[in-house]
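Tertiary structure, described
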Amino acid sequence: MTVRFAFDVAAGLAILFACVMVVHRHPVKSVLALVVSFFALAVTFVLLSAPLIAAIQVIVYAGAILVLFLFVLMLLNVPAEVRQTPGRPIHHTLSAGAIVAFAAALLAAFRSYGATAAPPAPAASDPADLAPLAKLLFSDHLLSFEALSILLLAALVGAFALARREGGP
Amino acid sequence: MTPNGIPLSDVLLASGALFSIGLAGALLRRNAISIFLALELMMNAANLAILGYASALHSLEGQIVVFFVIAIAAAEAAVGLAIFVALFRHTETIDVNKINLLKW
Amino acid sequence: MSGADLGIAALRVLAPVLAILIVLPMLQWVERRGAGLIQDRPGPNRVGPFGLLQPLADVVKFFMKEDLIPSNADRFLYVLAPGLAAFAAMTTFAVIPYGATLTAGGRVIPLVGADISIGILYLFALTSLSVYGIVLAGWSSNNKFSLIGGIRSSAQIISYELAMTTAAAGVVLSGGSFKLTDVVLQQGGSWLALPFHGWNVLPQFVGFVVFFVSAFAETNRLPFDLPEAEAELVAGYHTEYSAMKFAMFYMAEYINVVVASALTVTLYFGGWGLPGFHPTGIAGVLLSVVIFAVKVSILVWIFMWVRWTLPRFRYDQLMRIGWKALLPLALVNLFWVAALVLWKVL
């Protein structure tokens with residue numbers, strides 16, 4: 001079992017559960033399908049030699065952001081979407097057509113991409129070693145890192161201000 | 001070709017497929033939160049593409065970019081969901097077809 | 001990989017899981033007799049000598065009880081939730097080193113399930129996933145009390161996860177590696193020379209306190225077990241569960257306690273090592289496994305001791321402690337460790 005086969009299986013699972021997410025009418029089940037999809041994506045990240053990003057994907061994306069989605073869905077008690085009577089068929093046809101055309105163009109362009117591109121000389125470091133990544137993050141990208149922390153603070157304050165009830169905390 | 005023997009076209013195909021599925025979800029769902037979920041899927045498809053290139057070109061910068069994208073997506077999800085909660089309190093619905101007035 | 005290599009790898013992963021599953025009934029017996037001891041009453045003493053067969057009786061009871069699913073419950077999620085909780089609990093043991101590295105027959109066998117480079121982060125990823133088991137159990141039961149209990153419990157877990165990860169970040173900072181095998185090896189040196197290479201509990205005592213208290217909250221144990229308190233929300237998120245599904249939640253809770261103890265021992269109490277102990281042969285490695293088991297047992301007993309001693313916190317008190325007390329303390333600990341590393345003490 002090669003790495004490529006494992007990647008294909010994981011990516012296939014991610015795509016399958018993403019389809020389930022889009023098609024399923026109940027939003028809670030939809031979120032859960034997306035959780036599985038993100039987990040499969042984390043597996044693909046590991047196979048692409050990015051274990052730290054895979055861990056962050058599971059901890060932050062699947063484990064915090066989607067839990068937040070679940071909380072909001074449960075607290076707002078959002079019902080399952082009811083299949084509408086045939087209203088607006090032109091909308092559905094046009095958007096389905098646009099999506100299929102876009103997907104076909106994307107996939108046709110990517111199908112042979114990168115097959116002949118010559119990669120630069122490979123680095124000699126072990127991809128599982130996290131120290132070079134940390135060095136890069138805290139030296140070249142230190143400004144972005146600190147700006148990100150301010151962004152998160154702003155998001156925290158903003159979310160709190162938006163979601164609280166009028167007339168006190 | 002990434003160091004692990006995964007051809008770049010495989011990664012990009014997967015990324016493109018996920019992006020198209022996310023686009024379909026964003027266009028075809030009526031629930032505001034489901035549209036937002038499809039948006040998150042699109043962002044992850046972009047992350048996968050960036051990581052594929054980072055792996056194929058032996059660069060760590062791609063992983064740093066994805067790190068920032070994930071953190072920014074977290075901030076965006078928090079604020080977006082707070083907006084939906086505030087909206088729901090006023091209009092009692094999150095069906096985007098029904099929220100069509102600029103001022104109520 | 002040859003067959004023998006595959007067999008050894010499988011054994012490395014399965015050994016601690018099987019050990020925990022076998023010890024689980026004993027843990028339950030210890031808890032109930034220990035509760036009796038602390039509360040000045042006998043505890044179970046009818047089934048077998050000293051009540052030793054009580055867990056067996058409980059297992060039989062779980063098998064015989066009626067397994068019901070509430071009428072409007074979401075069947076798939078209702079059945080999935082306890083499985084998810086048990087799965088997340090059992091897979092966390094994959095990265096904790098339970099013994100020294102064995103060098104035998106030309107092979108180097110580290111006694112850990114998988115020595116991945118993101119060791120500690122894997123554990124936190126699984127904690128994030130265990131939230132799903134609880135919140136799904138609460139929601140799919142179609143019961144207001146379950147839903148409130150599930151949401152409270154998952155909010156509690158997410159809040160204390162912050163303090164726990166920040167305290168663990170102190171250990172990662174002093175060791176310079178996420179791998180738990182490295183963390184244990186770095187605590188096996190001298191206690192008297194500078195830089196200090198002994199058990200992390202000494203230089204990072206505040207971090208240890210934050211981590212241990214957060215572990216109580218993460219495993220939903222008293223004094224942080226309001227979401228499943230018997231007198232408050234019926235039984236919180238597992239109100240509607242009976243028989244084997246309830247047994248799986250119960251099992252998942254005990255396994256979480258053992259994993260939290262094992263993690264605390266690995267991060268702060270030197271894992272399988274003692275100061276100045278560098279085992280090489282098989283006897284040494286077995287001794288290291290025994291040392292690890294003893295340390296974990298002591299911490300598990302402390303978990304049980306606290307449960308029957310302290311009253312529980314109210315929910316708002318619980319959240320206030322997590323955010324306003326433990327998280328700032330963990331940050332202070334992080335600055336303290338950074339200062340120590342800068343002054344070359346650690």
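1. Observations regarding the overall build of chain B
- Helices and strands together make up the secondary structure of chain B, namely three helices and zero strands.
- Each helix and strand of chain B, ordered N terminal to C terminal, gives the series α-α-α.
- Relative to the globule expectation of 13 Å for 104 residues, the C-alpha radius of gyration of chain B, 17 Å, shows a markedly less compact shape.
- Oriented by its inertia axes, the alpha-carbon framework of chain B measures out at about 55 × 25 × 15 Å.
- Counting every position in chain B, which comprises 104 residues, the buried fraction comes to 51%.
- Taking the contacts inside chain B whose residues are at least 6 apart along the sequence as the reference set, 47% of them involve residues at least 24 apart.

2. Points about the overall build of chain A
- On a plain count of helices and strands, chain A comes out with six helices and zero strands.
- Its helices and strands taken in sequence order, chain A reads α-α-α-α-α-α from the N to the C terminus.
- For chain A, the residues scored as buried account for 33% of the 169 residues in total.

3. Focus: helix 3 (residues 51–76) of chain A
All names here are of chain A.
- In this model, helix 3 (26 residues) spans 36 Å end to end at C-alpha, consistent with the 38 Å of a helix rising 1.5 Å per residue.
- Of all the bends in helix 3, the largest measures some 30 degrees and sits at Q57.
- Where helix 3 terminates, the next one or two residues include N77, which has phi positive at roughly 55 degrees.

4. Describing the interface of chain C and chain A
- Counting residues at the interface gives 18 residues for chain C and 17 residues for chain A.
- Listing elements by their share of the side of chain C that touches chain A, those giving two or more residues are helix 4 (119–140) and helix 5 (144–175) of chain C.
- If you tally residues by element for the side of chain C that touches chain A, the top one is helix 4 of chain C, at ten residues.
- Taken together, the residues that form the side of chain C that touches chain A break down as 15 nonpolar, three polar and no charged.

5. Re the interface of chain B and chain A
- Across the boundary between the two partners, chain B contributes 62 residues, which contact 70 residues of chain A.
- Those elements that provide at least two residues to the side of chain B that touches chain A are helix 1 (8–28), helix 2 (32–56) and helix 3 (61–91) of chain B.
- At 21 residues, the largest contribution of residues to the side of chain B that touches chain A is made by helix 3 of chain B.

6. Regarding the environment of B:A73
- On the secondary structure map, B:A73 appears in helix 3.
- The contacts of B:A73, once residues within four sequence positions are left out, are A:I65, B:E40 and B:M43.

7. A few points about unusual backbone geometry
- The peptide bond linking C:L222 to C:P223 adopts the cis configuration, its omega dihedral lying at 5 degrees.
- Inspection of the secondary structure assignment puts C:P223 in the loop between helix 7 (205–218) and helix 8 (243–268).

8. A few points about the domain arrangement of chain A
- As far as domains go, chain A holds domain 1 (1–80) and domain 2 (129–169).
- Measuring from the centre of the C-alpha atoms in domain 1 of chain A to the corresponding centre in domain 2 of chain A gives 23 Å.

9. Considering the packing of helix 4 (residues 89–110) of chain A against helix 1 of chain B
- Contact geometry for helix 4 of chain A and helix 1 of chain B: axes closest at 9 Å, N-to-C directions at 170 degrees. Classified by the angle their axes make, helix 4 of chain A and helix 1 of chain B are roughly antiparallel. Only B:S9, B:L12, B:L13, B:G16, B:F19, B:S20, B:L23, B:A24, B:L27 and B:L28 of helix 1 of chain B make contact with helix 4 of chain A, whose side of the interface consists of A:S95, A:I99, A:F102, A:A103, A:L106, A:L107 and A:F110.
- Here the residues of the contact of helix 4 of chain A with helix 1 of chain B sort into 13 nonpolar, four polar and no charged.

10. As for the environment of A:V43
Residues and elements named next belong to chain A.
- Within the element layout of this structure, V43 appears in helix 2 (residues 27–47).
- The buried category is assigned to V43, around which 20 C-beta atoms lie within 10 Å.
- Taking the C-alpha atoms as reference points, V43 and L66, 23 residues apart in sequence, are found 18 Å from one another.

11. Here's the deal with the arrangement of the chains
- The interface with the highest contact count, out of two pairs of chains in contact, is the one between chains A and B.
- Nothing in chain B touches chain C; the tightest C-alpha to C-alpha distance between them is still 15 Å.

12. Considering the packing of helix 4 of chain C against helix 5 of chain C
Residues and elements named next belong to chain C.
- Where helix 4 contacts helix 5, the two axes come as close as 8 Å, and the packing angle between them is 175 degrees. Regarding the angle of helix 4 to helix 5, the classification is roughly antiparallel.
- By residue class, the composition of the contact of helix 4 with helix 5 is 13 nonpolar, eight polar and one charged.

13. Concerning the nonpolar core
- Counting 171 residues, the largest nonpolar core has A:V31, A:A55, A:L66, A:F69, B:L18 and C:A85 as the members making the most contacts within it.
- Ranked by residue count, the leading element in this core is helix 3 of chain A, at 16 residues.
- Mapping this core onto the domain boundaries places at least three of its residues in each of domain 1 (1–80) and domain 2 (129–169) of chain A.
- Sequence-distant contacts of C:A85, defined by excluding residues within four places in its chain, comprise C:S130, C:G133, C:I134, C:M248, C:F249 and C:A252.

14. Re the confidence of the model for chain B
Residues and elements named next belong to chain B.
- Confidence in the prediction for chain B averages 87 pLDDT; 93% of positions are at 70 or higher.
- Element-level pLDDT for chain B is lowest in helix 1, with a mean of 89, against a maximum mean of 92 in helix 2.
- Interface confidence in the predicted complex, given as ipTM, is 0.89; pTM for the same model is 0.89.

Definitions and limits used
Residues numbered from 1 in each chain as written. Chains lettered and ligands numbered in written order. Predicted model: local features only at pLDDT ≥ 70, side-chain atom pairs only at ≥ 80, totals over all residues. Helix = DSSP H or I, 4+ residues; strand = E, 2+ residues; numbered from the N terminus. Rg over C-alpha atoms; globule rule 2.2 N^0.38 Å. Buried ≥ 20, exposed ≤ 12 C-beta atoms within 10 Å, placed from the backbone. Contact = placed C-beta atoms within 7 Å. Expected span 1.5 Å × (residues − 1). Bend = angle between axes of the 7 residues up to and from the residue. Nonpolar A, V, L, I, M, F, W, Y, C, P; charged D, E, K, R; others polar. Domains from an automatic or database assignment. Axes fitted to C-alpha atoms, helices over the stretch in contact; angles between N-to-C directions. Parallel < 35°, antiparallel > 145°, perpendicular 65-115°, else oblique. Core = buried A, V, L, I, M, F, W, Y, C linked by C-beta atoms within 7 Å. pLDDT = per-residue confidence, 0-100.

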